[in-house]
Amino acid sequence: MSERKLIPSDYSLASNWLVCPSLIEHPVDTIFLCPTCYRPDNPEAPVVCEIDDVGLRAAMARCDLLQASLFRQSTNVFVPVYRQCNAFGMGHMSQREILEVYEGYPRTDVFAALDYYFQKMNHERPFILAGHSQGSLMAMYALTVYFVRHPELYKRMVAAYVIGFGMFKALLQQNPHLKMAKGADDTGVIVSYNTEGPENSHAHNVVVLPGSVAINPLNWRTDETYAPISLNKGSLHIGDDGIPYLGLPLADAQINLERGTVICRSLPDPARYVSRHVSSFGPASFHSMDYSFYYANLQENVALRIDRFQLSS
């Protein structure tokens with residue numbers, strides 16, 4: 001993949017960190033890359049936003065509550081603001097043109113944020129890399145480009161949660177240093193899946209690439225063994241006041257090996273949770289719920305992988 005010389009955002013500025021803890025409470029960090037939060041109403045808006053875009057920052061703050069928050073139980077969470085592309089406004093572009101956009105300012109900013117984080121903030125602590133959707137695509141660039149340049153840093157990675165953008169076999173074959181998670185407690189591995197309903201089994205889903213691979217976030221298996229909702233320890237809900245809370249489980253899980261996704265059948269009202277962007281994700285994608293459905297299980301898994309990493313270090 002090509003790389004152009006672009007001027008990155010300045011991550012020595014506190015304003016370019018959505019979250020940067022002043023108090024380090026845990027021996028492990030998480031650096032979280034937000035999903036697509038730049039969604040301009042104006043069809044004439046630039047494909048890539050400015051770093052100080054108000055809508056971007058407001059939506060990122062929401063994603064911090066719904067997704068990055070689960071890592072706070074066990075880690076110090078760092079969330080950089082990065083210039084994003086409008087993922088829903090590039091339908092007129094070719095695949096090559098779309099890749100050039102992602103590999104421009106978004107990737108440049110993410111790599112600059114990683115540089116500053118490792119040089120000034122991390123202080124040689126083990127870390128988790130996590131993201132969702134566009135953020136997981138940026139995490140994939142980090143895994144396949146950034147950490148190839150910095151193998152000494154990669155050795156400290158407890159795990160990468162690359163959720164909402166499927167890791168795929170061709171990418172893994174091209175990058176033999178990458179290993180997918182095979183169970184609940186292996187370390188230095190990638191946890192990846194996309195959640196769908198059975199009606200999406202043959203639909204176009206922009207984040208499900210040919211050869212996608214997944215792990216079941218309830219039983220932590222990579223085969224088609226069904227995980228009933230009884231294994232789900234709690235899903236994230238939105239209260240009437242708009243505040244998220246951990247409540248009753250919503251989702252079961254079973255891997256569709258042919259498609260490389262996690263299928264959920266247990267929802268009493270699936271239409272309430274499906275993505276509105278049918279042209280991008282298909283009629284039964286639960287893209288925005290990838291973290292929320294399995295929130296408590298993911299929290300528990302983060303803690304388990306950290307324990308195993310510390311024991312082996």
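Right above here is the structure, for reference.
Residues numbered from 1 in each chain as written. Predicted model: local features only at pLDDT ≥ 70, side-chain atom pairs only at ≥ 80, totals over all residues. Heavy atoms only, no water.

## A closer look at the packing of aromatic side chains
One pass over the full model with this rule turns up 19 aromatic pairs. Relative to Tyr294, the ring of Phe293 lies with its centre 6.1 Å away and its plane at 80 degrees, an arrangement referred to as edge-to-face. One exposure class covers both Phe293 and Tyr294, and it is buried. Feature note: the residues Phe78, Phe111, Tyr117, Phe118, Phe127, Tyr146, Phe147 and Tyr154 constitute an aromatic cluster, connected by ring pairs. (Phe/Tyr/Trp six-rings, centres within 6.5 Å; stacked < 30°, edge-to-face > 60°. Buried < 20%, exposed > 50% of the residue type's maximum accessible area, 1.4 Å probe, protein only.)

## Describing helix H1 (residues 54–66)
Under the 1.5 Å per step criterion, the end-to-end length of H1 is 19 Å for 13 residues, consistent within 8% with the ideal 18 Å. If you check which residues of H1 are buried, you get Leu56, Met60, Cys63 and Asp64. End-on, the buried residues of H1 take up no more than an arc of 105 degrees, which puts them together on one face. Exposed positions of H1 whose direction lies more than 90 degrees from the buried face are Val54 and Ala58. Tucked inside the fold, the buried residues of H1 contact strand S1 (17–19) and strand S3 (76–80). By the N-cap criterion, in which a side-chain oxygen at the helix start approaches the backbone nitrogen of a residue two or three places on, H1 is capped by Asp53, the distance to Gly55 being 3.1 Å. (Helix = DSSP H or I, 4+ residues; strand = E, 2+ residues; numbered from the N terminus. Expected span 1.5 Å × (residues − 1). Arc of directions from axis to C-beta. Contact = heavy atoms within 4.5 Å. Polar contact = N/O pair within 3.5 Å; in protein donor to acceptor, adjacent residues only side chain to side chain.)

## Looking at the packing of helix H3 (residues 105–121) against helix H4 (residues 134–149)
For the pair H3 and H4, the least separation of the axes is 10 Å and the interaxial angle reads 60 degrees. Relative to H4, the element H3 is oriented oblique. The two elements H3 and H4 cross, and the hand of that crossing is right-handed. Together, Pro106, Arg107, Val110, Phe111, Leu114, Asp115 and Phe118 of H3 and Gln134, Met138, Tyr141, Ala142, Val145, Tyr146, Phe147 and Arg149 of H4 make up the contact between the two elements. Of the residues assigned to the contact of H3 with H4, the class counts are 11 nonpolar, one polar and three charged. (Axes fitted to C-alpha atoms, helices over the stretch in contact; angles between N-to-C directions. Parallel < 35°, antiparallel > 145°, perpendicular 65-115°, else oblique. Left-handed = near helix turned anticlockwise from the far one by under 90°. Nonpolar A, V, L, I, M, F, W, Y, C, P; charged D, E, K, R; others polar.)

## A short note on the side chain of Thr108
If you trace the backbone, Thr108 turns up in helix H3. Setting aside chain neighbours within four positions, we find Thr108 in contact with Leu6, Ile7, Pro8 and Glu103.

## Here we look at the environment of Asp223
Looking at the secondary structure, you find Asp223 in the loop between strand S7 (195–196) and strand S8 (235–238). A relative accessible area of 27% places Asp223 in the partly exposed class. The spacing of Asp223 and Tyr294 is 71 residues in sequence and 18 Å in space, taken between C-alpha atoms. For Asp223, the contacting residues outside a window of four places in its chain are Ile255 and Leu257. In this structure the side chain of Asp223 is engaged in a polar contact, spanning 2.6 Å, whose partner is the side chain of Arg221. Separated by 2.9 Å, the side chains of Asp223 and Thr225 make a polar contact.

## What to know about the sheet that holds S7
Spatial strand order, S7-S11-S10: three strands in an open sheet with mixed pairing. Both edges of this open sheet fall to S7 and strand S10 (254–256), since each of them pairs with a single strand only. (Pairing = 2+ DSSP bridges.)

## Concerning H3
With 17 residues, H3 should reach 24 Å at 1.5 Å per residue; the first-to-last C-alpha distance of 22 Å fits that figure. Along H3, the positions that sit buried rather than exposed are Pro106, Arg107, Thr108, Asp109, Val110, Phe111, Ala112, Ala113, Leu114, Tyr117, Phe118 and Met121. Phi turns positive, to about 55 degrees, at His123, one or two residues after H3.

## Details of the pattern of salt bridges
With the rule as written, the count across this model stands at nine salt bridges. Measuring nitrogen to oxygen at the nearest pair gives 2.6 Å for the salt bridge that ties Asp64 to Arg72. Note on Asp64: relative accessible area 11%, which makes it buried. The salt bridge involving Glu300 is made with Lys233; its shortest N-O contact spans 2.6 Å. Note that Glu300 is positioned in helix H8 (residues 295–312) and Lys233 in the loop between S7 and S8, a separation of 67 residues in sequence. Overall, the relative accessible area of 52% leaves Lys233 in the exposed class. (Salt bridge = Lys/Arg side-chain N within 4 Å of Asp/Glu carboxyl O.)

## Here's the deal with the pairing of S3
Buried residues dominate S3, accounting for five of its five residues. Neither face of S3 is open: one carries Asn76, Phe78 and Pro80, the other Val77 and Val79, and all of them are buried. One ladder, built from two bridges, connects S1 with S3; its direction is antiparallel. Residue Val19 lies in a different strand from S3, and its bridge partner there is Val79. Here strand S2 (residues 29–33) pairs with S3 via three bridges, running parallel. In the sheet register, Ile31 faces S3, and the bridge partner there is Phe78.

Keep in mind these numbers describe shape, not what the thing actually does.
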